[in-house]
Amino acid sequence: MKGRILRLAAIGVSLALGVVSAARAQATDAVIDRIKAKKSISIGYREASIPFSYIDAQGKPTGYSTDLCIKVAATVKTALGLPDLEIKWVPVNLQNRIPLVANGTVDISCESAVNTIGRQAQVDFSSPFFISSTRLLVKSKFGIAELADLKGKSIALPINSVPERLIKSLVERDKLNIRIVPVRDNSEGFLALSTDRVDAFSTDDILLFGLRSKAPSPADYEVVGQPLSYDSYGFLVQKNSTVFLSLVNATLARLARDGELAKVYGTWFEPLGVPLSAPLATTFQIIGIPE
């Protein structure tokens, strides 16, 4: 009798697993339907978000974020049974990345987007894959160390960014006499600093380290100031694309569990002199949930 019960239980478990597997195979959403129909996945990239997403010397998208999204594409290819899945790279910027994801032009934007409550109203975010802080990039010779040292001076801020809103609020709160110069992106911000049109450029500190590393004379520049924020990065996907988002997060979880995520990090950030921080190491442990 006991053996018969165990056999029936085993059959019941198998049937249950079969139902779950079938349901999972049939699950879909707008992004999944679009990828199946086009047999391609469109990945958003930035042209100068070093080292996350930028154009290399051959004119191809590269970086930490793009490397991770290539792995996401491999997961999607296997899960959907699309051996010929094509990656289509779509350039995005601070102004259009959210609209392009929201309207379905871009399936996943893989760059350096800070997760905020306001942005969550328009798009969904993947699990975090980086933690950044807002700081300042300045020329070493001017002795600027903190935001308050810019009284009577100027600072470039990227339009429609988290650092722009943060710095403006601090300037207003502390009544600092600092002239704000809006710029379209990181390249324009660095150009303004390098040509002395501004005295500082502020954005996520890791992006500042990336810009410094690509400068003709990196020693001429410093990333300075206490961290003014702690922000997590996530990949942007269309709202309510739960099936596609689960594939994205499953990829990040597997990479975190296997230690591959830390290795990819090391490839891109250790050459900049930015070792894996304790908060980010903890983040990698948290997102490495089991299958």
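Within an unreviewed UniProt entry, the label attached to the chain reads Amino acid ABC transporter substrate-binding protein, and the organism entered is Bosea vestrisii. Quoted verbatim from the Sequence similarities (unreviewed entry) field of the UniProt record, the comment on the chain reads "Belongs to the bacterial solute-binding protein 3 family."

Attention shifts here to the overall build of the chain. Of the regular secondary structure elements, the chain holds 11 helices and 15 strands. Counting only C-alpha atoms and orienting by the principal axes, one finds that the chain spans roughly 85 × 40 × 35 Å. A total of 291 residues make up the chain; the buried ones form 48% of that total. Accessible surface computed for the chain: about 14,100 Å², of which carbon and sulfur atoms make up 56%. In the chain, the 33 positive side-chain charges and the 28 negative ones have mean positions that sit 6 Å from each other.

With that settled, the discussion passes to the sheet that holds strand β13 (residues 221-224). Strand pairing in a sheet relies on backbone hydrogen bonds. The paired strands run either parallel or antiparallel. Taken together, the 5 strands give an open sheet; going across it, the order is β11-β10-β12-β9-β13, and neighbouring strands pair in mixed fashion. Either end of the sheet is taken by a strand with one partner, and the two such strands are β11 (179-183) and β13. If you compare each strand with its neighbour and ignore which way they point, the axes differ by 30° on average. Its contacts with the sheet put helix α6 (residues 162-173) on β9 (134-139), β10 (154-158), β11 and β12 (200-204), and the angle it makes with β10 is roughly 145°. The strands touched by helix α8 (residues 205-214) within the sheet are β9, β12 and β13, with β12 carrying the most contacts at an inclination of about 125°.

Okay, the layout of surface pockets next. Any empty space left between the atoms is revealed when a probe the size of a water molecule rolls over them. The calculated volume of the second largest pocket comes to roughly 240 Å³. Lining the second largest pocket are 16 residues, with F130, I131, D205, V274 and S277 positioned closest to its centre. For the lining of the second largest pocket, the secondary-structure elements that each account for two or more residues are β8 (130-132), α8 and α11 (278-287).

The tally for this structure, following the rule as stated, stands at 1 cavity of 30 Å³ or more. One number sums up the size of the largest cavity: a volume of about 100 Å³. In this structure, the largest cavity is lined by 14 residues; those nearest its centre are L94, S112, S161, T203 and D204. Elements represented by at least two residues in the lining of the largest cavity include exactly α6 and β12. A breakdown of the residues in the lining of the largest cavity according to their chemical character gives 6 nonpolar, 4 polar and 4 charged.

This chain's UniProt record puts "domain: Solute-binding protein family 3/N-terminal" (unreviewed entry) on residues 40-272. The straight-line gap between the two end C-alpha atoms of residues 40-272 is 34 Å; of that span, 36% is helix and 25% is strand.

Moving on, we get to the state of the cysteines. Using the criterion set out here, one finds 1 disulfide in the structure. The partner cysteine of C69 in its disulfide is C110, sulfur to sulfur 1.8 Å. Taking the sign of the S-S torsion, about -85° here, the bridge from C69 to C110 comes out left-handed. Of this pair, C69 sits in helix α3 (residues 64-80) while C110 sits in the loop between β6 (108-109) and α5 (117-120), placing them 41 residues apart in sequence. There is no split in this pair, since C69 and C110 are both buried.

About the criteria used
- Residues numbered from 1 in each chain as written.
- Predicted model: local features only at pLDDT ≥ 70, side-chain atom pairs only at ≥ 80, totals over all residues.
- Heavy atoms only, no water.
- UniProt positions renumbered as here; feature names shortened; annotations may be inferred.
- Helix = DSSP H or I, 4+ residues; strand = E, 2+ residues; numbered from the N terminus.
- Buried < 20%, exposed > 50% of the residue type's maximum accessible area, 1.4 Å probe, protein only.
- Areas by Shrake-Rupley, 256 points an atom, 1.4 Å probe, with all protein chains shown as cover.
- Lys, Arg positive; Asp, Glu negative; His and termini not counted.
- Charge placed at Lys NZ, Arg CZ, Asp CG, Glu CD.
- Pairing = 2+ DSSP bridges.
- Axes fitted to C-alpha atoms, helices over the stretch in contact; angles between N-to-C directions.
- Contact = heavy atoms within 4.5 Å.
- 1 Å grid on protein atoms, 1.4 Å probe; cavity = no way out; pocket = protein on both sides within 12 Å on 5 of 7 lines; lining within 4 Å.
- Points joined across faces, edges and corners; volume = space filled by probe spheres on them.
- Nonpolar A, V, L, I, M, F, W, Y, C, P; charged D, E, K, R; others polar.
- Disulfide = S-S within 2.5 Å.

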